[in-house]
Protein chains: 2
Amino acid sequence: MSTATTRIRTGAMQALFAPRSIALVGATDKSGWSLSTFENLRTNGFRGPVHLVNPRTEVVHGRRAHRSLTDIGEAVDMAYVMVPTPAVLPVLREGAGLGIRSYVVLTAGFGETGPEGRRLEEEILAFARENQLTVLGPNGNGYINATEGTTPYGLPIPPPLISGPVGVVLQSGALASSILAFAQARNVGLSLLTSMGNETMVSVTDVIDYLVDDPATRVIALFLESVRRPEEFARAARRAARAGKPIVALKIGSSALASHTAQAHTGALVGDDAVVDAAFRQLGVVRVRSLEDLIITAGLLAQTGPVRGPRIAVVTPSGGACEVIADRAEQEGLELPPFATETVARLKEILPDFATVQNPLDVTGYVVVDRTLLSRALEVVADDPGVDAVMLLTDLPRLPPADLNLTLQHFAATAQRIRDARRPVIVAGNVLTDITEVGRQVQRETGFPYVVGGIEHAMTAIGAAVRWSRALGETDRTAPADKGVPPVVRGETTGLWTEHRASRLLTDNGVPVVPSTLAATEDEAVEAAAAFGYPVVLKAVAEGLGHKSDIGGVRLGLNGPEAVREAHGEVCATLRDRGLTGVGTLVQPQRSGGVELLVGVVRDPAWGLTMAVALGGIWVEVLRDSVLRLLPVDTAGIRRALGELRGARLLQGARGTEPADLDKVAEVVARIGQLAGSLGPRLESLEVNPLLVRGSEVEALDALITWN
Amino acid sequence: MSTATTRIRTGAMQALFAPRSIALVGATDKSGWSLSTFENLRTNGFRGPVHLVNPRTEVVHGRRAHRSLTDIGEAVDMAYVMVPTPAVLPVLREGAGLGIRSYVVLTAGFGETGPEGRRLEEEILAFARENQLTVLGPNGNGYINATEGTTPYGLPIPPPLISGPVGVVLQSGALASSILAFAQARNVGLSLLTSMGNETMVSVTDVIDYLVDDPATRVIALFLESVRRPEEFARAARRAARAGKPIVALKIGSSALASHTAQAHTGALVGDDAVVDAAFRQLGVVRVRSLEDLIITAGLLAQTGPVRGPRIAVVTPSGGACEVIADRAEQEGLELPPFATETVARLKEILPDFATVQNPLDVTGYVVVDRTLLSRALEVVADDPGVDAVMLLTDLPRLPPADLNLTLQHFAATAQRIRDARRPVIVAGNVLTDITEVGRQVQRETGFPYVVGGIEHAMTAIGAAVRWSRALGETDRTAPADKGVPPVVRGETTGLWTEHRASRLLTDNGVPVVPSTLAATEDEAVEAAAAFGYPVVLKAVAEGLGHKSDIGGVRLGLNGPEAVREAHGEVCATLRDRGLTGVGTLVQPQRSGGVELLVGVVRDPAWGLTMAVALGGIWVEVLRDSVLRLLPVDTAGIRRALGELRGARLLQGARGTEPADLDKVAEVVARIGQLAGSLGPRLESLEVNPLLVRGSEVEALDALITWN
């Protein structure tokens, strides 16, 4: 279900997440959800009144229950609704009459169960809109506003609830508990956690918008099963980027690949998941691959904000850890530059003689003798002019130490050095184990920063943080404006436009295309060939003929008039034998050498026009070596995309080919994208295959357009 | 350092790890190591006497110290040596005289510091060998024998020490503490943990051998910085495979790629790390990429043993988790087959109406109402004939529950269903958080099985377990025997053998090679060409000329006598201009079509002869698409290797080429490997490039051999 199309007003969202009084409607001792919600509100600091409503029971959860909302007899800000499915709308009706504006509906049995449920859900939406109510759910567990200690949430919240800078939005009920447990284990504080349910009215986008405005939130973490309204999502993501708040997302469903177009090769390259990848990337959304990385990465970004660059200095008490880090750094595209001479000299003064002074730095097991060694080394390394950030490997205590005060002093001193450091310091532990109560105490009392859990996940998170920071500079933070240049389009935009018409459209609109002449007779073909000079190519032309090479309709390397005459005759005969009309050939000069690209634009049903750029031949057919971009995309964006092709070296002149003029290539590809974007909603796909690149000569050799 | 070459006797290893009495030599209150070792022995159940030896202090760690080993006055099984570097050998001398056979040397300052240290270390080795002592270290923290509760180990061991089936061997001191903490957090019990130090005498291989024999150990986990003696390692790994004990290894240093040969293209494909990958794979060693996966995977394999196949049924209380699992399953090559009709029918009986009955199975949030739902569904799914194992998503409690007995009953019932299940059941939690004290209690008291930490790492571990189980069937568990067929070798085996000589060697030894004729004159070239039929290829021949195409020495597609004559003249003139001798050309029929492979054998300094098979052209030059195998490898092994090429589809007839006869290709490639293996230690590299494959026709078109 996903019927809402309008944004919820900011004030309404704020009211939803900060009620001063709450009624639990349908509260009962028989329900685990009711018990949990009540307990959660009681134990996490909600200061307002909690009213229990049950028409059939006097006492619920050991407290007097009201028979109805009306029966409460005082103003209520929010109703948390757990009544049976058919009773939900009546509750909303009663509440609306009493002036209750905010609702969380836990009750299931709506759109997720079938048409009857969907009808009920639409009734609720219509009623809510009409009466300006705000409804979260149905079929969701509610939310945890940890900043305020307001927790109308239907599953147990394991203590302690830690408030902090990460706002979490989930399209999964059951996994919210895991996220909560994991965030606690990492001592990552949450601002708000919302379990969305069916998103009948309040959508993920609305909550993102709220979190962008929420001063307590520095990072937004999403668990997404689907991006239900891509345009709204894109708008909210751009807003977050403008506010400098990273969005980290675990988007599931990568195994369900789907293709959306039949006539174009491009279809196979544009799986749903690849489009999501491209979209996230362009919007500066950090995509992670596990629940752990979702929270760990969000926690790191909340600590560091943007990281200036990929050059990391590493300070550890272990040689083994150094090598593990070096391996992972390479995979994440992080650099571990050598220390400056001055840094090396200063380190030699403080480290034992047997230490090897290099990056990553192992200060040696001598830390057992001198506990300050690590943080003194950190101080020196953070001064190095050639690094963007420092990674410090250190673990918080897991068990209460023999001398707690000594431990606190030690961590306080290190925390001070970290604060004083000239570069951002990222603290990571060796392995991913919980931060226990004593660890939390150390962080609380000494201001010791976030500790990323384990080298493995830390490197993933640092890599993501560096890429996000770089993307922040590259991302268009505003929705791209329509260029508004009307294209030149000749003929009726329906069905399939094969090479001849498609090429003319390209030519008319500034995309370079190999010259060609349409020949109806052998004489015309020979005349055209002579004009171009030999060798030439002949291609079959007929009404609606898309895949001409499948029927032998492409004749290459014709070296003289006789060859042209014969080829034309054969091709036309074949076409006529198949009962085709509009039969003829297209004569073109034969090109040789160069690198072939495929440039295809298809309309993704969710995200809109999407462009794939691939290297031709085996690269695309066997390796699926392609990059995707949502349109519009500018020349600089295409330039970066070309660099991401696995076979990019081929364009740079590997194997003896002439290096391509990448600026020129990007310009032509961008022009194709721009043209596709200007062709209106009837365009289904536009494919240039191949686009031949020979140095700075770039031209389309064939093209195909489908209109819906 | 790595001077030992002989295996330590089994009895000696057993004595090292199970002493009845221990002397701590160099014990002092001033050393953290001394304090930790003493505390460890005191608190983890060591029952024998612990003697403290310090020549200068009467009381150490609150106990009376002895002035020397001699001063102890009773039999000592093992000395744990912490004295200054120069005092180590005197301690061994004194101990040897007293009949002490086992030593752990914590003291550093040996080979790791330079030549003087290396000399001292060699003295110790020589003395130990001469006197039949067993020395672990130096520069290592000792070991933890958790089975026996014997813990002569120099760093703190956080309580509780959990004994169990995983034997850990580490080439890193500092990371041992992390491994220990992480294993404890996963409730993975250890049999033995050994911190190797410099491996002067006792090597990783010796400890592997011990663990293979140790009845308490079911899985061996290794942290390796380098494989110091590959042949010994291979022998020990094969022994472990024969015993059915998986070896899981985190081998670091993947970022330090190195190539070993100059003349052959193959060099670039054979980085140190790629060879390790190939070797581990062939030996059935499971390679993991993080400290977490090392312990998690070892713990899983200890629980399951071999897993029959990749078909996994999944039972969860969460739809979100199902999709996360599906995404990761695809990446790990695991299958999630649809349930059998019977299974679906039975599940429909027990699940709520709104549940969707499919694999992966979400039994729905109704588990909040009916706690038995998950394990009843498990029971049904485990009967499905189409699955090899069942993954059950469930978390242990993290905090003491309100009603502990009820919780214990619930987990006991589930544990019973897991034991009764017809298929192995793998239990996994959603996220990687610690198993806390109450979780350990549940496992201890109910026999609840190992819980893999988090979906992310669980899928990695299950994927590894399935691959290991399959490899167990494919791996040669015995060292391959020398085939003993002496090759036919004509000429002196030195320097570079270019195409003519290399091809003759191949032909002489049963590798099909394109026919060719050596031509000294233009007439001879024309005569040879006429005999083959046109078109032909001419290739430059001269003494020591390796890269003939670089100087235009390969002429393709010569269509008649004049072309041949001209080409021969030009090529020879070029060669003579360069002052080369033995000038001429090699005439060959021109082949067309087909797929080109590169088959290269190089001698890796550590692992010996290694074969790379790659697809030619851009595949190898740009994509580095190649597979590696250590020699010897049989035809079936080559057949599997071909299937691992990213471009494997090309051999199956993608892009309209004739599908290759893969058995024939494997036979020829295996023959090349066998020949290389028979050529003796002077062979440095043998490269066939290309090996042309056209259907069932397979022939070498060019070859190069280097001898050292």
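Reading the values: the criteria
Residues numbered from 1 in each chain as written. Chains lettered and ligands numbered in written order. Predicted model: local features only at pLDDT ≥ 70, side-chain atom pairs only at ≥ 80, totals over all residues. Heavy atoms only, no water. Pairing = 2+ DSSP bridges. Helix = DSSP H or I, 4+ residues; strand = E, 2+ residues; numbered from the N terminus. Axes fitted to C-alpha atoms, helices over the stretch in contact; angles between N-to-C directions. Contact = heavy atoms within 4.5 Å. Buried area = accessible area lost by both parts, 1.4 Å probe. Salt bridge = Lys/Arg side-chain N within 4 Å of Asp/Glu carboxyl O. Polar contact = N/O pair within 3.5 Å; in protein donor to acceptor, adjacent residues only side chain to side chain. Nonpolar A, V, L, I, M, F, W, Y, C, P; charged D, E, K, R; others polar.

A. Quick peek at the sheet that holds strand β22 (residues 554–558) of chain A. Residues and elements named next belong to chain A. Taken together, the four strands give an open sheet; going across it, the order is β20-β23-β21-β22, and neighbouring strands pair in antiparallel fashion. Both edges of this open sheet fall to β20 (517–519) and β22, since each of them pairs with a single strand only. On average, each strand axis in the sheet is tilted by 25° relative to the strand beside it, whichever way the strands run. As paired strands, β20 and strand β23 (residues 584–589) are joined by three bridges and run antiparallel to one another. Residue A519 lies in a different strand from β23, and its bridge partner there is T585. Running at roughly 10° to β23, helix α18 (residues 522–532) makes contact with β20, β21 (536–541) and β23 of the sheet.

B. Main features of unusual backbone geometry. Residues and elements named next belong to chain A. Following P159, the chain continues to P160 via a peptide bond in cis, the omega torsion being -5°. Although it is not a glycine, N187 sits at a positive phi angle of roughly 55°. Among the secondary structure elements, N187 is positioned in the loop between α6 (174–185) and β10 (190–195).

C. Representation of the sheet that holds strand β14 (residues 312–316) of chain A in the model. Residues and elements named next belong to chain A. One open sheet holds the five strands; their spatial order is β15-β14-β16-β17-β18, and the pairing between them is parallel. Each of the sheet's edge strands pairs with one partner strand only, and the pair in question is β15 (361–362) and β18 (451–452). In this sheet, β15 lies alongside β14 in parallel orientation, the contact comprising two bridges. From the neighbouring strand, V315 faces β15, where its bridge partner is L361.

D. Just the interface of chain A and chain B, in detail. Contacts between chain A and chain B engage 63 residues on the former and 62 residues on the latter. Taking both sides of the interface into account, the surface hidden between chain A and chain B amounts to around 5,000 Å²; carbon and sulfur atoms contribute 61%. Here chain A and chain B share two salt bridges between them. Between R398 of chain B and D434 of chain A there is a salt bridge; the shortest N-O distance is 3.0 Å. Applying the counting rule to chain A against chain B returns eight residue pairs in polar contact (both at pLDDT 80 or more). Of all the elements in the fold, those that place two or more residues in the side of chain A that touches chain B are α2 (32–43), α6, α10 (291–304), α11 (319–332), α16 (455–474), α20 (618–621) and α22 (648–651) of chain A. The element best represented in the side of chain A that touches chain B is α11 of chain A, accounting for nine residues. Among the residues making up the side of chain A that touches chain B, the classes are represented as 28 nonpolar, 20 polar and 15 charged.

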